[in-house]
Every structure is written in C-alpha cells, then in structure tokens.
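# Remarks on the overall topology
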Amino acid sequence: MTDDALVAAVGAGSLTEADVRRIVSEELARALRTDPASKRAVIIASKGTLDWAYPPLILASAAAASNMEASIFFTFYGLNIVRRDFAATAMVSPTGNPAMPMPVPMADLFTGLPGMRSVATAMMKSRFKKKGVAGLQELIDACRELGVHLMACTMTMEVFGFSPDDFIDGVELTGAGAFLSQARRAHLTLFV
Amino acid sequence: MTDDALVAAVGAGSLTEADVRRIVSEELARALRTDPASKRAVIIASKGTLDWAYPPLILASAAAASNMEASIFFTFYGLNIVRRDFAATAMVSPTGNPAMPMPVPMADLFTGLPGMRSVATAMMKSRFKKKGVAGLQELIDACRELGVHLMACTMTMEVFGFSPDDFIDGVELTGAGAFLSQARRAHLTLFV
Amino acid sequence: MTDDALVAAVGAGSLTEADVRRIVSEELARALRTDPASKRAVIIASKGTLDWAYPPLILASAAAASNMEASIFFTFYGLNIVRRDFAATAMVSPTGNPAMPMPVPMADLFTGLPGMRSVATAMMKSRFKKKGVAGLQELIDACRELGVHLMACTMTMEVFGFSPDDFIDGVELTGAGAFLSQARRAHLTLFV
C-alpha cells in the first residue's frame, strides 16, 4: 500500500469528533421531529352528560384525521358515552354550566328545573346540527372509521355494574395498566 | 509522509465506536434537557364560569413567566372567557362545587338559589383581591404581556353564533388543526 | 510500523459516517424507550367533591404501581382532598353529574335536594366498597406508601385561608413553579 492510498483510506474512513457531533445533532433533530410521542393522543372521557361527550370525541377524531394514533379511555361517569342507549337518552346539564349561552338569561336554579334540561338538550343538538357539526352518533362512527381506539375502563364497569353487552360495538375492555402504557408514550394527554 | 505523521493523523482523526457512543450519549442528554417539548404548555379552557376561568389563566401565565411558550385554546363554554363582557358579568357556580369553602355550611340546593350565586361571586372576587392574587382582567392582561397565545376555537364560535368582534383584542381565531399541531409538540397539555 | 499494522490500526479505530449514523440511531432508539418523560405522571386535582377525589388518587397510585414517578398537585377546590377532615365529610355532588347511574331515574332538580346528596354519597361509598375498590382513606394511604408526591398549592392555601396544620401528614407545600418544573418533564399530565 502506498502512503497516498493509505492517506485516502484514512481520509475516507475516519471522522473527527466535530464530524460525529454534527451527525449526532442532525439525527437528533430528525428523531425529535418524528418522535413517536408527538404522534399519539390519549384522551380520558370522565363525564357522562351530552355536552361533555362532545369534547373527547371531537378532539380524538380531529387527532386521528391529522394522522395521529388516538385513543379515548372511557372511565368514571364517561363510561356512559359508549353505552348502547347513550346517544338517544343523554341530557345536557345546564346546571353547573351557567356559561352556556341561552336565548334569554336565566338563573341557575331555573335551569335546574326538569323541563329546562330537555330545552337545553334540544337547543344544543339543534345548534350542532345547524352548524354542520356532527351529531353524537356520527362522531362515534367517525372515531371508529378513523381507527380511534375506544377503551372502556373495566374497573368502572364493575363499580357501576355494567356488563360487556351494555356497550356499543368496537369498544375494547381495558384496565388502568393498558391505559397508562399508552398515555406515558404520548405527548398529548387530556382528562376531559 | 512519515509513519509518525501518518499515525498522528490517524490518531487525531479516527474515533472508536466507544468514543462515538460516548459522544452520542452526551449529546442526547443535552438534547433531552433542552427538548423543545419541555418548553411548551398548551392549555384548553373549556369551562365558562368565573371560578373555572382562573386555572387556565394562572397556569398559562405561570408557564410563560417560567420562560415556557404557553398557549390557551378557548373552546366550548370556555370561549366565553375571552368575550369582551366576560370579566364584568361572569358568575361563580357554587352548585356543583360544594367543596368551595363557605362562611357557613350550606346545602347544595341552597347554593343553587339565584341570590347565592352573587354572594359566591362576590366572595371569590374579594378573596382573590385580598390575597394579592390578580383579578380576571389583570390575569388576561398578564397573559398578553407575557406573550401567551390566546386562541379562540372557530368551530365553537360558529356553533354558538359568536362573531370575531365579540372577543377581546389579541385573540387569534384558530381551528382544531392549529391547536393539535402545537399540543402534539408539548409535554404539558391540560384540559381545564 | 508496517503498513499492515497501520491498516489494522486504522481499521480498528476509524468509523465511516454510515457506521456513526447506525450507532446514533441505535442509541436514540434506546434513549427514547427509556425517555425519563415517559416515566413521570403529574396530575392536578382541582375539584373538591368526594366523587372527583377518586380519579386523581386512582390514576396516581396506578402510575406509581407501574414504576412511574407520580405527583398530585392539589389546587383550587381540590386542596380539600388533603384536608384532615375530608374523607369523613366529603359529599358526592349528583347535581351536574346526571350521568351517575341511580337506582331509579330522577330529575336533576330532585338530585339537588339536600337529602339526595347523602343518598348519593352513601351509594357511591358502598359501591366502591362492595367492588373491592379502595375507599378514599385507603387510596390516600396507598399513594403515600407507593411514594406518590402529594403537593399542596400554597397560593390556593392563602386564598382560602388554610394553614399547614389543616392538611394530612406527608403533604408538601409547593408553589406553581415547583409544579411546572415537574410537569414540563412528564409525558402524562392531567388536569382533573
């Protein structure tokens, strides 16, 4: 081997520390841009009224439509959202949501009257329909079509005495462990 | 070139695999310490009562004051917080918050009486004032001065029939997509 | 030095750019699998009713049991959860949670009657007991044994006029800054 060949070999093969640091920082920037945690959304649905069913379903379907892997963990009162009869029977709870714009101002006690709940429910359903926002059933269907994982909390099921047959199709029964192993690898984690 | 010079060149330029792994792990530790995701806070404000307006504004201004890039996405009932007339007219909702310490214990129904809402509202405003915690208007001003992004959800605007003129200055009108692209790159994501 | 020895030395010591990129991507994959952010859960407990005390305690103890470092930041109405007398006196708030399954359907106003709160509270306590889910006091004990950080928000303490003696043992008094420095380094951040 001549010296020239050797020098060429060394030149080709060897990298300085500066070279390595440059390569590392390029790869890191690429890795953080494609960090799998930034591609996952895990949303807990804990409330069981009609109005509070919308945010988890809208957020999860929007995330899935943006090519994120999205899951909803239905737990606590939120388990009701995936019951077979929820979309038909769920009610808005104007009490406790005095900020809900009403046609006329009304006191909190008044919105607590039984009749007012039906009015508020009808008003919200009609508002969502008129504005082209999907109804609840259509949102659940959209979630399923977009591949959103619908996970029902087995502990809550037992506490409230629900059986697997009470839920709509496509719901996976899972425990807190399965939820945690997804959530710890996701940037976007929300408790609704 | 002498052998000595060549050996020196090789010694200077070449790194072993162990060297490279050490450099990589140093760079990684530095990168994770300065992970941009740890510098961002994205908070969803979904509730529209006076009391629940405080947490997102306090958390976002605290994050911005700690040199994080902070955003609040006002959506659902929370859109009310950035309406022009909110700070003056918003009410605390003692119903549903029985844990709010009251001067005297009172039943939930009683706190639901119209008059009690004014009492609770005045009490909370006065408590925050007396303790040197900023009032709502001052908190919104602090958020703006600290560069917190105030984002209003355009879908909610349409559902509730609000127009851009209904909102305070400095609020950006954005959709779920813009929110998601920020939230997926943030460690701290909260739904209030 | 012979050419052969020199070539061997170069071969041993020098790495190509392709080698370095391979090493970097191996180290990165390992680092992201063991990303410290995926090992931390930071949960804000902001509500002070009996029912809403369960989710933060259950989630934090489940996270700690899965070898994550878990913290709960008790703030706003949630500060009540770590008061000495909470487990004995806390009430469920059926108003605003119309989704809570009741033995018989009942209107929202009716569940707002003072007597109904005791019924709902007893019913939930008994349901949790019968199903082998820990009671509130046992959950708090479990959190402490599992090393969950119980942090009380000092600002809320001042606003509501609580003193350090009002809280159960093992609660750290901390400000928003300490909370933020933990939360910004955690993937799993929830506002309950």
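In case you missed it, the structure is sitting above this.
Residues numbered from 1 in each chain as written. Chains lettered and ligands numbered in written order. Predicted model: local features only at pLDDT ≥ 70, side-chain atom pairs only at ≥ 80, totals over all residues.

### A word on the overall build of chain A
Summing up its helical and strand segments, chain A has 9 helices and 5 strands in all. Listing every helix and strand of chain A by position from the N terminus yields α-α-β-α-β-α-α-α-α-β-α-β-α-β. In chain A, which comprises 192 residues, the proportion classed as buried is 47%. Expressed as a percentage of contacts within chain A between residues at least 6 apart in sequence, the contacts between residues at least 24 apart total 74%. (Helix = DSSP H or I, 4+ residues; strand = E, 2+ residues; numbered from the N terminus. Buried ≥ 20, exposed ≤ 12 C-beta atoms within 10 Å, placed from the backbone. Contact = placed C-beta atoms within 7 Å.)

### Considering the packing of helix α3 (residues 50-65) of chain A against helix α7 (residues 136-145) of chain A
All names here are of chain A. Relative to each other, α3 and α7 sit at 35 degrees, their axes nearing to 9 Å. For α3 against α7, the interelement crossing comes out left-handed. Between α3, through Ala53, Leu57, Ile58, Ala60 and Ser61, and α7, the contact on the second element is made entirely by Leu136, Leu139, Ile140, Ala142 and Cys143. Of the residues in the contact of α3 with α7, the class split is 9 nonpolar, 1 polar and no charged. (Axes fitted to C-alpha atoms, helices over the stretch in contact; angles between N-to-C directions. Left-handed = near helix turned anticlockwise from the far one by under 90°. Nonpolar A, V, L, I, M, F, W, Y, C, P; charged D, E, K, R; others polar.)

### Some points on the environment of C:Asp35
All names here are of chain C. The topology assignment puts aspartate 35 in the loop between α2 (17-33) and β1 (40-45). In this structure aspartate 35 comes out as partly exposed when scored by C-beta crowding, with 18 C-beta atoms within 10 Å. Sequence separation of aspartate 35 and glycine 147 is 112 residues, and the distance between their C-alpha atoms is 20 Å.

### Here we look at the sheet that holds strand β2 (residues 69-74) of chain A
Residues and elements named next belong to chain A. What the 5 strands build is an open sheet, ordered β4-β3-β2-β1-β5; its pairing is parallel. Looking at which strands have only one partner, the edges of the open sheet turn out to be β4 (171-174) and β5 (188-191). Across the sheet, the axes of successive neighbouring strands diverge by a mean angle of 20 degrees, strand direction being ignored. Two elements, strand β3 (residues 149-153) and β4, share 4 bridges in a ladder whose sense is parallel. (Pairing = 2+ DSSP bridges.)

Geometry only, nothing functional implied.
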